[in-house]
Amino acid sequence: MRSPVDQCAELYQSMRVAVAQPRNEGLFKGEPFDELPSKRMIADLNQESGRAGVIYREIKRRITELVYKPGEKISESRIAEELGCGRSPVRTAFSRLQNEGWIEISPQSGTFVRGLSQAEIDEIFEARLLLEAYLAGRAAKRMNELEMRRFRRALAAYGKRVPADRMDEFLELDLQFHLAIYKAASNKPLADVLLNLTDKSRWIRLMRKGSTTRMSDALGEIRDVLDALEARDEKAAAAAMHTHIENMIRQSNQRTQSPPKHKGANAKTPKNGRVAAPTK
């Protein structure tokens, strides 16, 4: 019987053609996270594959999807058993995740999932504000008509408001939209910077999930960006995206949660002032 890692490796390999063959529906409620179009798009843009990469992405997925919550203790042996692999690739993944700031490893206390500090969250949004507005302007001259029609149909399915039972579905569509702009803008260095922030942005949104009112406002903002893209208006596209990200920042600043506390031997509060930021 194939291990879970082998099955995941086959899945990620199949993801690599997803951007070139977009789905038409635009609505993906109920699909497993690894099979969501946004994950296939990220896999394609990152061009990363292989068994070690699969294990790393799966652990990271569990952190960013809050399967492992901030402050929770995790272990190499448990994860290796769950994934049906040896401890060595898990240890390698832990090292990488530590370097990226997703976990803290203490010889005395063990390994703990950590959150993002408010300063880190502010920096992420600042980078997105500057870069995404610019890339939206570039995409206005480059995004193909088929892609824009696909998003227009998907957005039209919501009408004027995002209902409470479709918020997760809308967040997936929103992520697809941003990824499509990164790709259409044809500036790989800037797109790579934003791709590296995608998982952290997703984590923030899940921790600080907005209200249906905010989601509906975001729906209108995305339509404004799409209007500008369809009009091939670079300035309008950049301005609309700037407004969209600014409103995300405003929403984020209104929702703050206290830092998590884990049960490590020497840790009454997380190191470095990390917070579990409870966005659109």
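A quick note: this is a predicted structure, and the numbers were derived from the prediction, not measured. (Residues numbered from 1 in each chain as written. Predicted model: local features only at pLDDT ≥ 70, side-chain atom pairs only at ≥ 80, totals over all residues. Heavy atoms only, no water.)

A separate point is empty space enclosed by the protein. Taken as a whole, the largest cavity encloses approximately 100 Å³ of empty space. For the largest cavity, the full set of lining residues is Arg-128, Glu-132, Asp-174, Leu-175, His-178, Tyr-182, Leu-194, Leu-197, Thr-198, Ser-201, Arg-202 and Arg-205. At the level of elements, helix 6 (118-139), helix 8 (167-185) and helix 9 (188-207) are the ones that each hand at least two residues to the lining of the largest cavity. Ranked by residue count, the leading element in the lining of the largest cavity is helix 9, at six residues. Considered class by class, the residues forming the lining of the largest cavity number four nonpolar, three polar and five charged. (1 Å grid on protein atoms, 1.4 Å probe; cavity = no way out; pocket = protein on both sides within 12 Å on 5 of 7 lines; lining within 4 Å. Points joined across faces, edges and corners; volume = space filled by probe spheres on them. Helix = DSSP H or I, 4+ residues; strand = E, 2+ residues; numbered from the N terminus. Nonpolar A, V, L, I, M, F, W, Y, C, P; charged D, E, K, R; others polar.)

One pass over the full model with this rule turns up two aromatic pairs. Centroid distance Phe-151 to Phe-177: 5.3 Å. Interplanar angle 85 degrees. Geometry classified as edge-to-face. With Phe-151 in helix 7 (residues 145-156) and Phe-177 in helix 8, this residue pair connects regions lying 26 residues apart in the sequence. Aromatic pair Tyr-158 and Phe-170: ring centres 5.7 Å apart, planes at 85 degrees, arrangement edge-to-face. (Phe/Tyr/Trp six-rings, centres within 6.5 Å; stacked < 30°, edge-to-face > 60°.)

For the pair helix 7 and helix 8, interaxial distance at closest approach is 11 Å and the crossing angle is 160 degrees. Between helix 7 and helix 8, the angle is such that the two are roughly antiparallel. Here helix 7 and helix 8 pass one another in a crossing that is left-handed. In this structure, helix 7 uses Glu-147, Arg-150, Phe-151, Ala-154 and Leu-155 to contact helix 8, whose residues at the interface are Leu-173, Gln-176, Phe-177 and Ala-180. The residue makeup of the contact of helix 7 with helix 8, split by class, is six nonpolar, one polar and two charged. (Axes fitted to C-alpha atoms, helices over the stretch in contact; angles between N-to-C directions. Parallel < 35°, antiparallel > 145°, perpendicular 65-115°, else oblique. Left-handed = near helix turned anticlockwise from the far one by under 90°. Contact = heavy atoms within 4.5 Å.)

Without other data, these values stay purely geometric and don't point to any function.
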